[in-house]
Amino acid sequence: MLKCKKPLTKITKMAFKTKKKELMKTAVLAGAFAAASMLTLTSCNETETQSASKVEIFIDQCGYFPKSPKAALINGKAKNFKLINDNGDIVYEGKAAAAQYYAESDQTYKKMDFSDLQTAGTYTLVVDDTIKSMPIHIGANIYDDVATKAVKAFYYNRASMEIKEEFGGKWARKAGHPDTNVLVHKSAASAARPEGTVISGPGGWYDAGDYNKYIVNSGISTYTMLLTTKLYEKKAVSTSLNIPETGNLLPDILDETLYNLRWMLTMQDPNDGGVYHKLTVLSFEDFIMPDQCQKQRYVVAKGTAAALDFAATMAFASRMLPHYDEAGEMKALADSCIKAATKAYNWARKNPDVKFRNPEDVSTGEYGDWMLNDEWFWAANEMWLTTKDAQYAKDAEAHKAKMTIPTWGDVGSLGYISMALEGSGMNETAAKEKVLTLADSLLVNESVSPIYLSMQNYEWGSNSTVANCGLVKMIAYRLTGDEKYFNSAQNDLHYILGRNPLGVCFVTGVGVKSTRNPHHRPSAADGIDDPVPGFLSGGPNIAVMTDCGDDTSNRSQYPAISYADETCSYSTNEIAINWNAPLVFLTWSISEM
Ligand code: 9MR
């Protein structure tokens with residue numbers, strides 16, 4: 001059964017434009033398929049229904065390292081398989097493993113392991129002489145391209161800046177949102193800055209497919225990018241992103257991250273140290289380009305989560321920046337960061353439980369959080385690591401958090417990760433244990449998973465949960481040197497890059513069959529056929545079924561395959577900085593090894 005219908009949505013006009021693009025694309029692809037008839041690809045216009053019975057082979061579309069474990073999945077009958085090289089020679093033969101049922105997609109899968117094939121090259125996997133895979137690459141540099149694109153995506157999402165053609169290629173666009181005329185919203189009014197006060201908060205990354213900037217989500221994203229830079233220094237120093245700062249003394253990934261960090265600093269009220277939760281319009285912009293946006297922007301309500309996430313991120317930055325000193329500039333920035341962090345933390349001490357909820361007249365992303373214990377724990381740990389002031393250690397002790405897969409609303413794990421990597425004595429040992437216990441439990445999940453997946457719940461942004469599972473494992477690998485963590489993290493990346501029940505590579509502009517229509521305003525409104533590259537799509541889940549309208553026939557009830565590569569599907573196909581950041585960490589950590 002084919003499902004080609006695009007449901008009617010409020011963004012129908014834009015979606016129609018996208019549809020036109022798809023039709024053109026399909027024509028081009030059709031030609032390519034005729035030439036390479038071995039591929040079992042589908043185009044967006046011929047996407048099988050999500051409960052489909054079509055048998056497909058799922059692989060990592062970027063490939064596999066020569067010495068690493070390698071496997072493909074098939075969602076149907078299979079006995080024998082072989083791999084054929086470019087010359088048509090059979091280079092490997094194997095037997096498919098027993099079928100395993102996966103309740104999350106209501107399908108069975110067989111694993112086909114070809115780890116013993118260790119020669120670099122491009123191959124086709126053929127099952128029972130009938131079903132053929134996409135090209136399978138084996139090589140040392142297979143993730144370099146996705147690693148670079150994943151960071152460059154942040155550049156494309158810069159607010160207040162023109163994306164020039166020399167850096168952005170065909171995705172060049174005019175600047176939007178100067179954010180030099182931002183009003184203090186009534187929810188954020190104070191004696192020193194009453195409602196309507198004009199402040200300036202330029203720069204930073206757009207949060208996601210929308211054009212707003214949110215401190216809570218910026219905190220974990222910026223931290224993850226800084227952590228990547230710090231831990232994978234060799235790659236950071238050698239990777240050029242071709243951004244405006246390329247050629248200065250700093251690694252490009254750090255320049256990119258500082259673009260957001262400097263914006264974050266503008267979100268602090270210098271009078272009391274409080275941090276505004278977000279810089280936003282009152283209701284989401286239409287699907288238009290940044291320079292066409294005219295709505296007034298506001299800073300909205302200070303909150304404890306914003307203050308603590310801000311403090312944690314700034315404290316971490318203040319420890320790592322002096323290492324990259326550029327004529328004293330980074331040292332000065334580091335000083336500003338720890339001063340800002342201390343002020344924000346002190347504000348939080350005076351306002352320990354100010355939970356953010358959208359004011360009545362504001363309907364943009366909320367990032368509301370009822371549980372602030374983990375934010376306290378993360379911030380207290382980072383402050384202690386930077387200052388060694390015993391009061392912060394006491395605060396951390398009073399707010400002992402759970403070690404969980406990191407996410408914007410659950411950041412205690414970041415405190416454990418920093419402590420495990422940089423702490424000393426008791427704190428460090430306890431934190432290491434926490435990280436390893438979680439990593440080990442993820443490995444157990446993976447060992448019984450029909451699709452090599454540790455993640456168990458498909459939530460909004462499920463792909464970022466997969467990436468963050470990989471992040472935890474790569475930290476465990478760094479702490480122990482045990483290859484089992486490295487191999488398992490590669491399985492998370494394989495999932496993201498196509499070895500999943502949908503057979504989709506969830507990174508735009510990467511792989512053969514990847515996300516084409518992300519819920520991302522520039523990708524939808526720029527008139528360019530290809531989406532802006534390097535973005536991780538949120539991924540399948542069943543949190544919201546009606547984001548593309550009441551006709552939900554294109555959505556499966558099974559979370560692992562409930563995904564719509566449609567611009568309207570904000571719940572399965574948006575992009576976001578806190579989703580791309582762990583993709584950066586995962587691809588960088590794995591490819592530096
Ligand atoms: O990532 C957020 C997810 O965890 C929430 O369930 C969801 C609904 O509140 O919001 C997601 O964040 C969105 C934010 O509110 C606004 N910008 C886009 C974000 C990604 O969808």
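For the structure, check the block above.
Residues numbered from 1 in each chain as written. Predicted model: local features only at pLDDT ≥ 70, side-chain atom pairs only at ≥ 80, totals over all residues. Heavy atoms only, no water.

**Quick notes on the state of the cysteines**
Here's step 1: In total, this model carries one disulfide according to the counting rule given.
Here's step 2: Bridging cysteine 548 to cysteine 568, the disulfide has an S-S length of 2.1 Å. Torsion about the S-S bond of the cysteine 548 and cysteine 568 cystine: about 100°, corresponding to right-handed handedness. With cysteine 548 in the loop between α15 (521–525) and α16 (570–573) and cysteine 568 in the loop between α15 and α16, the pair connects residues that are 20 residues apart, well separated along the chain.
Here's step 3: Taking the relative accessible area as the measure of exposure, cysteine 548 reaches 6% and is therefore buried.
Here's step 4: Judged by its relative accessible area of 6%, cysteine 568 falls in the buried class. (Disulfide = S-S within 2.5 Å. Helix = DSSP H or I, 4+ residues; strand = E, 2+ residues; numbered from the N terminus. Buried < 20%, exposed > 50% of the residue type's maximum accessible area, 1.4 Å probe, protein only.)

**Thoughts on unusual backbone geometry**
Here's step 1: One non-glycine residue with positive phi stands out, namely aspartate 128, at about 45°.
Here's step 2: Checked against the element boundaries, aspartate 128 lands in the loop between β7 (121–127) and β8 (131–132).
Here's step 3: Classification of aspartate 128 as partly exposed rests on a relative accessible area of 32%.
Here's step 4: Its identity as a non-glycine residue notwithstanding, aspartate 129 has a phi of 60°, on the positive side.
Here's step 5: Considering the arrangement of structural elements, one finds aspartate 129 in the loop between β7 and β8.

**A few points about the packing of aromatic side chains**
Here's step 1: In this structure the tally under the stated criterion is 21 aromatic pairs.
Here's step 2: Here a set of aromatic residues connected by ring pairs shows up, and it is made of Tyr155, Tyr156, Phe167 and Trp171.
Here's step 3: The ring of tyrosine 232 carries arginine 478 above its face, with NZ or CZ at 5.5 Å from the centroid. (Phe/Tyr/Trp six-rings, centres within 6.5 Å; stacked < 30°, edge-to-face > 60°. Lys NZ or Arg CZ within 6 Å of the ring centre and 35° of its normal.)

**Some details on the pairing of β7**
Here's step 1: Within β7, five of the seven residues are buried, which leaves the element mostly enclosed by the surrounding structure.
Here's step 2: Examined bridge by bridge, strand β3 (residues 80–84) and β7 share four bridges and lie antiparallel to one another. If you follow lysine 82 over to β7, its bridge partner there is valine 126.
Here's step 3: With three bridges joining them, β7 and strand β9 (residues 136–138) adopt antiparallel strand pairing. Within β9, the position partnered with glycine 121 by the bridge is isoleucine 138.
Here's step 4: By the bridge criterion, two bridges tie β7 to β8 in an arrangement that is antiparallel. Looking at the pairing, valine 127 lines up with isoleucine 131 of β8.
Here's step 5: Where β7 folds back onto β8 in an antiparallel hairpin, the turn is made up of three residues, including aspartate 128, whose phi is positive at roughly 45°. (Pairing = 2+ DSSP bridges.)

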